[in-house]
Amino acid sequence: MATTSAHDRPLPRWQRELLPAMLGADHADRGQPGRTHLPRSLRDWVVDLIMFGFALGLGAAGTWSDAKHAPGWWIAVDVVIGLAACGALWIRRDHPLGVGVGTIAVSAISGMAGGASVVAMFTVAIYCRPRRTAQLLALSFVTSAIYASLYTSNGAYHFSDLFAGLAAATIASAWGLFVRVRRELVLSLHE
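These lines cover the structure that appears in this document, whether it is placed above or below. This is a predicted model, so every value here is computed, not measured.

Regarding the nonpolar core
Line of reasoning, step 1. One finds Leu 89, Met 121 and Phe 122 to be the most contacted residues of the largest nonpolar core, which totals 22 residues.
Line of reasoning, step 2. Looking at this core, the elements that each hand over two or more residues are α4 (42–66), α5 (72–88), α6 (96–106), α7 (114–127), α8 (130–150) and α9 (159–190).
Line of reasoning, step 3. The greatest single-element share of this core, amounting to eight residues, is contributed by α7.
Line of reasoning, step 4. Contacts of Phe 122, omitting those with residues within four sequence positions, involve Met 51, Ala 172, Trp 175, Gly 176 and Val 179.
Line of reasoning, step 5. One finds Trp 74, Ile 75, Tyr 147 and Tyr 151 within the second-largest nonpolar core, a separate group that totals five residues.

Structure, rendered in structure tokens:
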């Protein structure tokens, strides 16, 4: 008589919805080499909405600070670029490196894209190799310096903008690496 242990039984659907798609997927779905995209769980949708809102809020704060130092037409361009960067966050789980490079690159000229670049840096740290994370962190440092040099008042360099960009990128990548390690540990324990 074969008995099934608690970890061999499938989880009820409502419990799977509370897990990340990676953890809530069946063993057969997770183990397939060609299967890289899993449908988002309810938890993933909630996290994506929170990250999108965070990116919009942080981007709006960046645009607000730029409004003092840039002409009105440039603020409109900044908002359009930033909204496109925030929109790209919806595909960040499938293309973390591409979205990361794109949003970090445009954050050099757009304050509104700054929030999206922080979220993208966090996602790159979770889904990409640590070497890629370090490369994008270096790119983020360069774009923070460019951004701080573009938005000056009376020719004065904005060290506060530079420091804020460096701190946000560092914190996002460190937090993402922590989530990555924790997720790998949970998956190894789950196996």
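Once the structure has been displayed, the description carries forward.
Notes on the packing of α4 against α5
Angle between the axes and distance between the axes are the two parameters that describe a pair of packed helices.
Line of reasoning, step 1. At a minimum axis distance of 10 Å, the contact between α4 and α5 shows a crossing angle of 165 degrees. Judged by the inter-axis angle, α4 sits roughly antiparallel to α5. Viewed along their axes, α4 and α5 form a crossing whose handedness is right-handed. Contact residues: α4 offers Phe 52, Ala 55, Leu 56, Thr 63 and Asp 66, while α5 offers Ile 75, Asp 78, Val 79, Leu 83, Cys 86 and Gly 87.
Line of reasoning, step 2. For the contact of α4 with α5, a count of residues per class yields seven nonpolar, two polar and two charged.

Observations regarding the environment of Asp 78
Line of reasoning, step 1. Turning to its location among the elements, Asp 78 is positioned in helix α5.
Line of reasoning, step 2. Note on Asp 78: relative accessible area 0%, which makes it buried.
Line of reasoning, step 3. Asp 78 sits 31 residues away from Ile 109 along the chain, and the two C-alpha atoms are 7.7 Å apart.
Line of reasoning, step 4. For Asp 78, the contacting residues outside a window of four places in its chain are Thr 63, Asp 66, Ser 110, Gly 111, Met 112 and Tyr 151.
Line of reasoning, step 5. There is a polar contact of 2.5 Å between the side chain of Asp 78 and the side chain of Ser 110.

About the cut-offs
Residues numbered from 1 in each chain as written. Predicted model: local features only at pLDDT ≥ 70, side-chain atom pairs only at ≥ 80, totals over all residues. Heavy atoms only, no water. Core = buried A, V, L, I, M, F, W, Y, C linked by side-chain atoms within 4.5 Å. Buried < 20%, exposed > 50% of the residue type's maximum accessible area, 1.4 Å probe, protein only. Helix = DSSP H or I, 4+ residues; strand = E, 2+ residues; numbered from the N terminus. Contact = heavy atoms within 4.5 Å. Axes fitted to C-alpha atoms, helices over the stretch in contact; angles between N-to-C directions. Parallel < 35°, antiparallel > 145°, perpendicular 65-115°, else oblique. Left-handed = near helix turned anticlockwise from the far one by under 90°. Nonpolar A, V, L, I, M, F, W, Y, C, P; charged D, E, K, R; others polar. Polar contact = N/O pair within 3.5 Å; in protein donor to acceptor, adjacent residues only side chain to side chain.

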